[in-house]
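Here are the chains, one letter per residue:
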Amino acid sequence: MKSREAIFANIRKSLRVSSDDRLRHETVTARIQKHPRGIIPARGQKPDRERLELFRQMVESAKASIAILETKDDVPTAVAAYLRSKNLPQSIRHGDDARLSLIPWAKERALEVTKGASDGAQLASVSYSFGAVAESGTLVMVSGADNPTTLNFLPDHHLVVVDERDIAGDYESVWDRIRLSFGANKMPRAVNWITGPSRSGDIEQTHLLGAHGPRSLHVLVVRNS
Amino acid sequence: MTQPVNSPQFKENARKALDDAYLQKALARSEKGFIERRKAAVEKLPEYDALRDNARDLKDHILAHLDLYLEAYERNVIATGGHVHWAATAEEANEIIFGICQRLNAKAVAKGKSMISEETGLNSYLEARGIRPIETDLGEYIIQLRGETPSHLIAPALHVTKEQIEADFRRAHTELPPERNLDEPTSLLAEARAMLRDKFLNVEVGITGANFLIAETGSSVIVTNEGNGDLTQTLAKAHIVISSIEKVVPTREDAVTFLRLLARTASGTDLSVYTTFSTGARRDGDPDGPLEYHVVLLDNGRSNMLGGKFQEMLRCIRCGACMNHCPVFHAVGGHAYGWVYPGPMGAVLTPSLVGVEQGGQLPNASTFCGRCEEVCPVRIPLPKLMRNWREREFERHLQPAFARYGLGIWAAFAKRPALYRRATSLAMKFLRLFGGKGRLRALPLASGWTRHRDFPSPQGETFQSLWKKRSGPR
Ligand code: SF4
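Residues numbered from 1 in each chain as written. Chains lettered and ligands numbered in written order. Predicted model: local features only at pLDDT ≥ 70, side-chain atom pairs only at ≥ 80, totals over all residues. Heavy atoms only, no water.

K.L.:
Now, about the overall build of chain B: what can you tell me, with residues and values included?
P.N.:
Along its length, chain B carries 24 helices and 12 strands. Per-residue burial for chain B yields a buried fraction of 62% across its 474 residues. Considering only residue pairs separated by 6 or more positions, chain B has 73% of its internal contacts joining residues 24 or more positions apart. By element, 53% of the accessible surface of chain B is carried by carbon and sulfur atoms, the whole surface being about 17,600 Å². (Helix = DSSP H or I, 4+ residues; strand = E, 2+ residues; numbered from the N terminus. Buried < 20%, exposed > 50% of the residue type's maximum accessible area, 1.4 Å probe, protein only. Contact = heavy atoms within 4.5 Å. Areas by Shrake-Rupley, 256 points an atom, 1.4 Å probe, with all protein chains shown as cover.)

Right, here's the structure in full:
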């Protein structure tokens, strides 16, 4: 505690302020409560159809792949096709998300579906994303039993389902939805923004895919959910 | 301050750097990529400059209310079950982290990239006490194998060539077959991935830095491309965040303002691959995530910088753009600066944190071309701050007599023709990037000239290189 007091005392001394200045307190409280938005680039501010198209472009420019599906019922076939195209076994793992449980996986007879977090032994995982941002082609994942965080990082291939209506133009709109779902100043343990598959530029500044996280990321947009 | 300082030897370091063929090869390669990638990303975002103004003003607002935002941040970390530890000095930060590791019986810790842990010299501190730190960022992993420190803020192994990495891996990974082929960078990456996977799954403690801390929610934010920081914090029993006090931002919206600038300026992408907001430990019903969440907040001299001539330096978001655009950095690399922070930002920050006696040489390592200020996403007037240091040093009569007449640095360059040639031709290249083939309408630091007239953008080559060509090899 001694250092805590010393640090605060020194900050106030350097700034020449006192700890009981009411106006300063009000300024800080107001900013946190009102959380004003900064400058939002025009790029993402588009009507529905164009926003989906922008999202597709941005996902692809981040070196992920994307498929646009009409309904949830199309997901099993799309997943099976992806696994085949990558020469992977027909096996996926996902969390407790009710939206994933409602997907008719049995349509793909050969597809083995297991549930739970990852211990590093799985090659492919499927998650349902909380939202997405068209501005940069970013997926917004929240932690918990529904979509365990380890499924985002340990398997070599990460497949993510996102509802078209959850694709926002900007990050700020997703923060507002997080506030609605979790409470005014609350956050789930982890919020993961994911923009493309894992990569590294540390060997002579050449960008190589597949560093510690997934080597590939495949996005499945469901238009009518 | 625990990381040893070797900055007073800047000139000597610079000389060695110029004679290091490997280093020169590595530096030449990196320079163009960084500059071009940033330029392309920035051109695609018309709001970029307006965002920079916002970011500058927001940082100034935060710094003016730093005590109150830190209090709000601390309250919210505690409300989510996390622990906040305050460290006035580097030594204290190391002690706190060692204490947590000891209590958890940790034999090894996984580490995400953290410049603050470089500043405190955490790795050697832990090693000396029987705990093995394992760097997991590929660049940090490489330099750890080499027993070096990072030479760049976001590209710690910038100074290492592929051939050197291959040799390091063969030396370190003796359990793998010696005849394996490591010609391709992809095989080097795959080998590092495989070697580290096991470590992630078996350590008790994961340590990461923080790019931002959010007062509104008590969250810490990290930005990575590899996903190593995420595995580090998700798989360990305890996640320790080590950060400095000026990283706090008021809200999630405010974090977004900086995030829109950071990756574009640093690496020329709209966003890094992984931006992770961590808030507290594993919740009821969570199948994964750390069981404990700690934040160690380091001051180490920063609170002294507030309200003074160098406060603006605390706006820095560690993007690395100032060094990517610095002719001196490109001539000598990051290690010559002799401490943790290289390039223009290091030249200003190092004397602030380690004292002018030790860091006072660094503000001279500049051609004052002004490129750093021009690209800084939070508009830090780096040349002005370097001049502040020089004036202060002058007043304190710390400089050798020669330098007091303003000749020291010129002489250091001129006595080394190789360095002089490289620095002047680099400066020309930078000026050309600004002005293309024609005239320059605005020139940083020369507004007294350019307010009323254009400055010719340099054409062709330097006088020296033309002279050499005319007279042929001698
Ligand atoms: S001083 Fe500016 S350009 Fe340099 S690292 Fe900091 S924020 Fe980036």
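Having seen the model, we can carry on.
K.L.:
Requested: an account of the packing of aromatic side chains, with residues and values cited.
P.N.:
Scanning the model with the defined rule gives 14 aromatic pairs over all chains in all. Here the aromatic rings of Tyr171 of chain A and Trp193 of chain A are separated by 4.5 Å at their centres, their planes lie at 10°, and the arrangement is stacked. With Tyr171 of chain A in helix 7 (residues 171-182) and Trp193 of chain A in strand 9 (residues 190-194), the pair connects residues that are 22 residues apart, well separated along the chain. Taking relative accessible area as the criterion, Tyr171 of chain A reaches 3% and is therefore assigned buried. Assessed through its relative accessible area of 2%, Trp193 of chain A is described here as buried. Ring plane angle 15° and centroid distance 4.2 Å describe the contact between Phe310 of chain B and Trp389 of chain B, whose orientation is recorded as stacked. One end of the pair, Phe310 of chain B, is in the loop between helix 13 (302-305) and helix 14 (321-324); the other, Trp389 of chain B, is in helix 19 (residues 382-395), and 79 residues separate them in sequence. Taking relative accessible area as the criterion, Trp389 of chain B reaches 6% and is therefore assigned buried. Residue placement shows Arg177 of chain A over the ring face of Phe130 of chain A; its charged tip is 4.3 Å from the ring centre. One Lys or Arg, Lys59 of chain B, reaches over the ring of Phe258 of chain B and ends 5.2 Å from the middle of that ring. (Phe/Tyr/Trp six-rings, centres within 6.5 Å; stacked < 30°, edge-to-face > 60°. Lys NZ or Arg CZ within 6 Å of the ring centre and 35° of its normal.)

K.L.:
Mind laying out the site of the ligand, listing which residues take part and the relevant values?
P.N.:
Surveying the vicinity of the ligand reveals 14 residues, the closest of which are Cys316, Cys319, Gly320, Cys322 and Cys376 of chain B. A per-class count over the shell around the ligand returns 12 nonpolar, 1 polar and 1 charged. (Near = heavy atom within 4 Å. Nonpolar A, V, L, I, M, F, W, Y, C, P; charged D, E, K, R; others polar.)

K.L.:
Tell me what's going on with the sheet that holds strand 3 (residues 132-135) of chain B, and back it up with residues and numbers.
P.N.:
Residue and element names in this part refer to chain B. Taken together, 6 strands build an open sheet; the order of strands is 1-10-7-4-2-3 and the sheet is parallel. The sheet is open, and its two edges are formed by strand 1 (83-87) and strand 3, each paired on a single side. Adjacent strand axes in the sheet meet at a mean angle of 25°, parallel and antiparallel pairs treated alike. As judged from the 5 bridges shared by strand 1 and strand 10 (residues 292-298), these two strands associate in the parallel manner. The residue of strand 10 that forms the bridge with Ala87 is Leu298. Where helix 5 (residues 90-103) meets the sheet, its contacts fall on strand 1, strand 2 (108-111), strand 4 (205-208), strand 7 (238-244) and strand 10, and the angle it forms with strand 10 comes to roughly 165°. (Pairing = 2+ DSSP bridges. Axes fitted to C-alpha atoms, helices over the stretch in contact; angles between N-to-C directions.)

K.L.:
Outline empty space enclosed by the protein, supporting the account with residue identities and numerical values.
P.N.:
Think of a ball as big as a water molecule: rolled over the atoms, this probe shows where empty space is left. All names here are of chain B. In this structure the tally under the stated criterion is 5 cavities of 30 Å³ or more. Approximately 760 Å³ is the volume attributed to the largest cavity. Lining the largest cavity are 37 residues, with Lys113, Leu153, Ile154, Val223 and Thr224 positioned closest to its centre. The set of elements that each furnish at least two residues to the lining of the largest cavity consists of helix 2 (21-43), helix 6 (115-120), strand 6 (219-224), helix 11 (228-235), strand 7 and helix 12 (252-267). The element contributing the most residues to the lining of the largest cavity is helix 12, with 4 residues. Along the lines of polarity and charge, the residues of the lining of the largest cavity split into 14 nonpolar, 16 polar and 7 charged. (1 Å grid on protein atoms, 1.4 Å probe; cavity = no way out; pocket = protein on both sides within 12 Å on 5 of 7 lines; lining within 4 Å. Points joined across faces, edges and corners; volume = space filled by probe spheres on them.)

K.L.:
So what's going on with the pairing of strand 4 (residues 124-128) of chain A? Which residues, and what values?
P.N.:
Residues and elements named next belong to chain A. Burial within strand 4 is extensive, with 5 of its 5 residues counted as buried. Relative to strand 7 (residues 157-163), strand 4 is paired through 5 bridges, and the arrangement is parallel. Its bridge partner being in strand 7, Ser127 is matched across the sheet by Val160.

K.L.:
Break down the domain arrangement of chain A for me, citing the residues and quoting the values.
P.N.:
For chain A, the assigned domains are domain 1 (1-34) and domain 2 (41-222). Put simply, the middle of domain 1 of chain A and the middle of domain 2 of chain A, counted by C-alpha atoms, are 41 Å apart. (Domains from an automatic or database assignment.)

K.L.:
So what's going on with helix 16 (residues 343-354) of chain B? Residues and values would help.
P.N.:
Residues and elements named next belong to chain B. Here helix 16 contains 12 residues, and its C-alpha end-to-end distance of 16 Å stays within 8% of the 16 Å for a straight helix at 1.5 Å per residue. Within helix 16, 12 of the 12 residues are buried, which leaves the element mostly enclosed by the surrounding structure. Of the positions making up helix 16, those classed as buried are Gly343, Pro344, Met345, Gly346, Ala347, Val348, Leu349, Thr350, Pro351, Ser352, Leu353 and Val354. Taken from the residues just after helix 16, Gly355 is the one with a positive phi, measuring 100°. (Expected span 1.5 Å × (residues − 1).)

K.L.:
Residue-level account of the environment of Lys384 of chain B, with values.
P.N.:
Residues and elements named next belong to chain B. Inspection of the secondary structure assignment puts Lys384 in helix 19. A relative accessible area of 36% places Lys384 in the partly exposed class. Spatially, the C-alpha atoms of Lys384 and Val5 are 24 Å apart, while their sequence positions differ by 379 residues.

K.L.:
Run through the nonpolar core, naming residues and quoting values.
P.N.:
Core analysis: the biggest nonpolar cluster contains 131 residues, and Trp193 of chain A together with Met313, Tyr341 and Met345 of chain B have the highest contact counts within it. What Met313 of chain B contacts, discounting residues up to four positions off in sequence, is Met305, Met345, Val348, Leu349, Ile380, Leu382 and Leu385 of chain B. If you look at the next biggest cluster of nonpolar residues, it comprises 45 residues, including Val59, Leu154 and Val160 of chain A together with Val203 of chain B. (Core = buried A, V, L, I, M, F, W, Y, C linked by side-chain atoms within 4.5 Å.)

K.L.:
Can you explain the side chain of Ser278 of chain B? Please cite residues and give values.
P.N.:
Following the sequence through the fold, Ser278 of chain B ends up in strand 9 (residues 274-278). Each residue touching Ser278 of chain B, except ones within four places of it in the same chain, is listed here: Arg189 of chain A together with Gly218, Ser219, Ser220, Gln233, His239 and Tyr293 of chain B.

K.L.:
Run through the confidence of the model for chain B, naming residues and quoting values.
P.N.:
All names here are of chain B. For chain B, per-residue confidence averages 87 on the pLDDT scale, and 83% of positions sit at 70 or higher. Across residues 434-456 the pLDDT falls below 50, and counting only partners more than four positions away or on other chains, this stretch makes 39 contacts in the model. With pTM at 0.89, the complex prediction returns an ipTM value of 0.97. (pLDDT = per-residue confidence, 0-100.)

K.L.:
Which residues make up the pattern of salt bridges, and what values do they have?
P.N.:
One pass over the full model with this rule turns up 48 salt bridges over all chains. For the salt bridge of Arg56 of chain B with Asp57 of chain B, the shortest nitrogen-to-oxygen distance reads 3.0 Å. For Asp57 of chain B, a relative accessible area of 41% translates into the label partly exposed. A salt bridge links Arg171 of chain B to Asp168 of chain B; the nearest nitrogen and oxygen atoms lie 3.0 Å apart. Residue Arg171 of chain B and its partner Asp168 of chain B are both found in helix 9 (residues 162-172); the two are separated by 3 residues, about one turn of the helix. A cluster of three or more residues bridged by salt bridges with shared partners is formed by Arg37, Asp176 and Arg179 of chain A together with Glu216, Arg252 and Glu253 of chain B. (Salt bridge = Lys/Arg side-chain N within 4 Å of Asp/Glu carboxyl O.)

K.L.:
Give me the lowdown on the sheet that holds strand 9 of chain B, citing residues and values where you can.
P.N.:
Read from one edge to the other, the open sheet built from 8 strands follows the order 8(A)-5(A)-6(A)-9(A)-9(B)-6(B)-5(B)-8(B), with strand pairing classed as mixed. In this open sheet, the two strands that pair with only one neighbour each are strand 8 (167-168) of chain A together with strand 8 (248-249) of chain B. The strands touched by helix 11 of chain B within the sheet are strand 9 of chain A together with strand 6 and strand 9 of chain B, with strand 6 of chain B carrying the most contacts at an inclination of about 140°.

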